[in-house]
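Chains, contacts and geometry: an overview
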Amino acid sequence: MSTVLVVNSGSSSFKYQLIDMDTEQMLATGLVERIGESAGHAVHTIPEDDVPSADRTDAPQTSERDLPIPDHTAGFRVMLDAFEANGPSLTRHPLRAIGHRVVHGGKRFFEPTPITNLVKINIEELAELAPLHNPANLQGIEAAQKAFPDVPHVAVFDTAFHQTLAPAAYSYAIDAALAEKHRVRKYGFHGTSHKFVSEEAAAFLGRPLADLNQIVLHLGNGASATAVSGGRSVETSMGLTPLEGLVMGTRSGDIDPAVLIHLHRRTGMSFDDIDTLLNRKSGLLGMAGANDMRDVLSRSAAGDEKATVAFDVYVHRLKGYVGNYLAQLGRVDVITFTAGVGENSAPVRAAALSGLEAFGIRLDPERNEEKSREARRISTDDSDVAVLVIPTNEELEIARQTMSVV
Ligand code: AMP
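Residues numbered from 1 in each chain as written. Predicted model: local features only at pLDDT ≥ 70, side-chain atom pairs only at ≥ 80, totals over all residues. Heavy atoms only, no water.

1. Regarding the pairing of strand S12 (residues 334-338)
- Of all five residues in S12, five are buried, a share of seventy percent or more.
- In this structure, strand S9 (residues 213-219) lies alongside S12, joined through five bridges in parallel fashion. Within the sheet, the bridge partner assigned to Ile215 lies in S12 and is Ile335.
- Here four bridges tie S12 to strand S14 (residues 386-389), and the two strands are oriented parallel to one another. Of the residues in S14, the one forming a bridge with Thr336 is Leu388. (Buried < 20%, exposed > 50% of the residue type's maximum accessible area, 1.4 Å probe, protein only. Helix = DSSP H or I, 4+ residues; strand = E, 2+ residues; numbered from the N terminus. Pairing = 2+ DSSP bridges.)

2. What about helix H15 (residues 394-405)?
- With twelve residues, H15 extends 17 Å between its outermost C-alpha atoms, agreeing within 8% with the 16 Å of an ideal straight helix rising 1.5 Å per residue.
- Buried within H15 we find Leu396, Glu397, Ile398, Ala399, Gln401 and Thr402.
- Residues of H15 that are buried in the fold lie against strand S1 (3-9), strand S2 (14-20), strand S6 (95-102), strand S8 (153-157) and helix H6 (191-205). (Expected span 1.5 Å × (residues − 1). Contact = heavy atoms within 4.5 Å.)

3. Regarding the pairing of S8
- Counting buried positions over the five residues of S8 gives five, a clear majority of the element.
- The side-chain alternation of S8 yields two buried faces, one formed by His153, Ala155 and Phe157 and the other by Val154 and Val156.
- Bridge analysis of S6 against S8 gives five bridges, and the strand direction is parallel. Across the sheet, the residue bridging to Arg101 is Val156, located in S8.
- Two elements, strand S7 (residues 113-114) and S8, share two bridges in a ladder whose sense is antiparallel. Residue pairing across strands places Pro114 opposite Val154, the latter belonging to S8.

Structural data, given as structure tokens:
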């Protein structure tokens, strides 16, 4: 059995998933959180199929622990204990490799990259562009290297899939020298998801990826849209940082940049305050008081006008991006919804694609309402553009890319 451990590390937590690369099945998943706080917490889950038959229940097997976890290195020891106590044993099935999600690869990284000291220096240096993410990703890498010194470690970058953007798509219309000096341009994010989903869409349709023009709508707590032509990202909604573009759970997405200056001048808010406002207190949360689309919808149904406006702004922006990418691509074969909202919210999908029949987009209301965890088509049989719902699997994509270089 050839297994890959995928690690997604934040500043005070990390998630992991163990994947059998022969079958691409998930063997275990877990979360170590509240690292550095007085009371840490760890959860380890193995799917029901892998639980010894005598212990089987209907639910996946989950073990939890509360204990102080001073740092990421201690966190990895907790994770190792969980594997030994609950399985699968990593000593009996040694890892083939470890794949690390790294948010910002700048211009430098466009492929899965075996982690050397130089790569780590580069990731650290790119923290200038992703101050919340890259240092946290690096903490996870260093702790994992201590825990598994003999296993190859590979970095898979969120930005990598968008390296194919042309200057017309990635340049901001500002002073060129200033932009160059400070590396100000669009990078795009959610790349592993957009890549995975666009490939799955081609497989679902049974058509070569190279022939397809696609729009992928990754609508989770963070949200982004990507235009994919022949398997290459040609336009994407997130920018220098994951703030640009669509309305998200807590992020504003597109906004007149002068709003920042206006708020600073009128209220005395510092740039850090405005950063927090736009990244953490805006989007659905800012407009409706709830960052979860389910809450927004139920509040709207109960007559909460702010929630209705928030929903309308969300789908208005989304439809705008669909229109933009229809124009950029000229011909679109398939539009795919993915991630928490995209996979589960029929009202969002229906509203975002309503009134687009003239562009060959016809949703089947019944198919759209069907609940399923499988990839599925929700457009009518006679729709020129296939509309799909495909569950994303960023961990599997990271594991595949990791295997491609070890
Ligand atoms: P993700 O970032 O992909 O894990 O997506 C998380 C988000 O998906 C949550 O914040 C919810 O807003 C959203 N979500 C999950 N299930 C549903 C649902 N049934 N309807 C609407 N939104 C949902």
